[in-house]
Amino acid sequence: MQRETTNVRLRITSATLTAADIEAKLGLKPDESWKIGDRTGTFGAILKDHGFALDAVSPYSLKLADHMRAMIKRIAPVAAKIGEISAQAKVEMVCTMFCKSPPPLLFERDDLRWLAAIGASLDIEVAQLIERAQPAAEKKPGDKEGPASVF
């Protein structure tokens, strides 16, 4: 059985700013970084932008709004610097959810203001978890069907 999880990631990509440039401007180490020409994914697609990513530091089981607030708290000290970088890079708040049923998607006004202040777009990715049916137990030779007869 798969578990429901939610993750929020701040992703900054740029054709001109490297992850090292972004790290120097923000004073934060990325949780993940990549450079133009790196290969990614199953088919080894070649990346066309440099990248810098920070993940929300919160339990996967929390609601999306709580993950967003954890990320906002993490980046709050450098929000103005991220806003400056957004003129030279693409800044995205990427929300990824694996869930059994579609969750409500509600964002508070202040959370949306934070996104605007750092020049970020909002990307929401939802994947529905489907439970696989368990195969029926196989009958053994000699098993009787129906109620037992009484003689």
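Data block above holds the structure.
What counts, and where the lines are drawn
- Residues numbered from 1 in each chain as written.
- Predicted model: local features only at pLDDT ≥ 70, side-chain atom pairs only at ≥ 80, totals over all residues.
- Heavy atoms only, no water.
- Helix = DSSP H or I, 4+ residues; strand = E, 2+ residues; numbered from the N terminus.
- Buried < 20%, exposed > 50% of the residue type's maximum accessible area, 1.4 Å probe, protein only.
- Contact = heavy atoms within 4.5 Å.
- Areas by Shrake-Rupley, 256 points an atom, 1.4 Å probe, with all protein chains shown as cover.
- Pairing = 2+ DSSP bridges.
- Axes fitted to C-alpha atoms, helices over the stretch in contact; angles between N-to-C directions.
- Core = buried A, V, L, I, M, F, W, Y, C linked by side-chain atoms within 4.5 Å.
- Polar contact = N/O pair within 3.5 Å; in protein donor to acceptor, adjacent residues only side chain to side chain.
- Salt bridge = Lys/Arg side-chain N within 4 Å of Asp/Glu carboxyl O.

Colleague: Just checking my understanding: could you explain the overall build of the protein chain for this structure?
Modeller: Regarding its fold elements, the protein chain presents 4 helices and 7 strands. In the protein chain, which comprises 151 residues, the share counted as buried stands at 30%. Taking the intrachain contacts of the protein chain between residues at least 6 apart in sequence as the baseline, contacts between residues at least 24 apart amount to 70%. Split by element, the accessible area of the protein chain, about 10400 Å² in all, is 55% carbon and sulfur.

Colleague: Please explain the environment of Lys 48 as it appears in this structure.
Modeller: In this fold, Lys 48 is placed in the loop between strand 4 (45–46) and strand 5 (50–55). Each C-alpha atom of the pair Lys 48 and Asp 38 lies 8.4 Å from the other, and the pair is 10 residues apart in sequence.

Colleague: Before we go on, may I ask you to explain the sheet that holds strand 6 (residues 90–99) in this structure?
Modeller: Where strands meet in a sheet, backbone hydrogen bonds hold them as pairs that are either parallel or antiparallel. Reading across the sheet, the 5 strands line up as 2-5-1-6-7 and stay open at both edges, with mixed pairing between neighbours. In this open sheet, the two edge strands, each paired with only one partner strand, are strand 2 (32–34) and strand 7 (120–128). Each strand of the sheet is rotated relative to its neighbour by a mean of 20 degrees, with strand direction disregarded. As judged from the 9 bridges shared by strand 1 (residues 5–14) and strand 6, these two strands associate in the antiparallel manner. Paired with Asn 7 across the strands is Thr 96, a residue of strand 6. Here helix 1 (residues 19–26) sits on the sheet in contact with strand 1, strand 2 and strand 5, set at roughly 50 degrees to strand 5.

Colleague: In this structure, what is going on with the nonpolar core? I would like to understand it.
Modeller: Within soluble globular proteins, side chains that are nonpolar tend to cluster in buried spots. Residues Leu 10, Ile 12 and Ile 75 are the most contacted members of the largest nonpolar core, which totals 26 residues. Going through the elements one at a time, strand 1, helix 1, strand 5, helix 2 (64–75), helix 3 (79–85) and strand 6 are the ones with two or more residues in this core. Ignoring sequence-local partners within four residues, the contact set of Ile 75 consists of Leu 10, Leu 54, Ile 82, Met 93 and Ile 118.

Colleague: How should the pairing of strand 1 be read in this particular structure?
Modeller: In regular strands, side chains alternate between the two faces of the sheet. Of all the 10 residues making up strand 1, 8 are buried; the element is thus mostly covered by neighbouring parts of the structure. As defined by bridge partners, strand 1 adjoins strand 5 across 6 bridges and the pair is classed as antiparallel. Bridge pairing in strand 5 links Leu 10 to Leu 54.

Colleague: For this particular structure, what's the right way to read the environment of Ser 86?
Modeller: Residue placement: Ser 86 occurs in the loop between helix 3 and strand 6. Residues Ser 86 and Ser 14, 72 residues apart in the sequence, show an inter-C-alpha distance of 9.4 Å. Leaving out residues up to four positions away in the same chain, Ser 86 has contacts with Val 91, Ile 118 and Gly 119. Among the polar contacts made by the side chain of Ser 86, one reaches the main-chain carbonyl oxygen of Gly 83 at a distance of 2.6 Å.

Colleague: Is there a simple way to think about the pattern of salt bridges in this case?
Modeller: Once their charged atoms are close, side chains differing in charge can pair, the charge on each being opposite to the other. All told, the structure shown has 11 salt bridges when counted by the stated rule. When the shortest N-O distance is used, the salt bridge between Glu 92 and Arg 11 registers 3.1 Å. Of this pair, Glu 92 sits in strand 6 while Arg 11 is found in strand 1, placing the two residues 81 residues apart along the sequence. Glu 92 sits in the buried class, given a relative accessible area of 9%. Judged by relative accessible area, which is 23%, Arg 11 ranks as partly exposed. Of the charged contacts, one joins Lys 35 and Asp 38 as a salt bridge, the two residues approaching to 3.6 Å between their closest N and O atoms. Relative accessible area serves as the criterion here: at 49%, Lys 35 is assigned to the partly exposed category. By relative accessible area, which is 24% here, Asp 38 ends up partly exposed. Where salt bridges share partners, they join Arg 11, Lys 90, Glu 92 and Asp 123 into one cluster.

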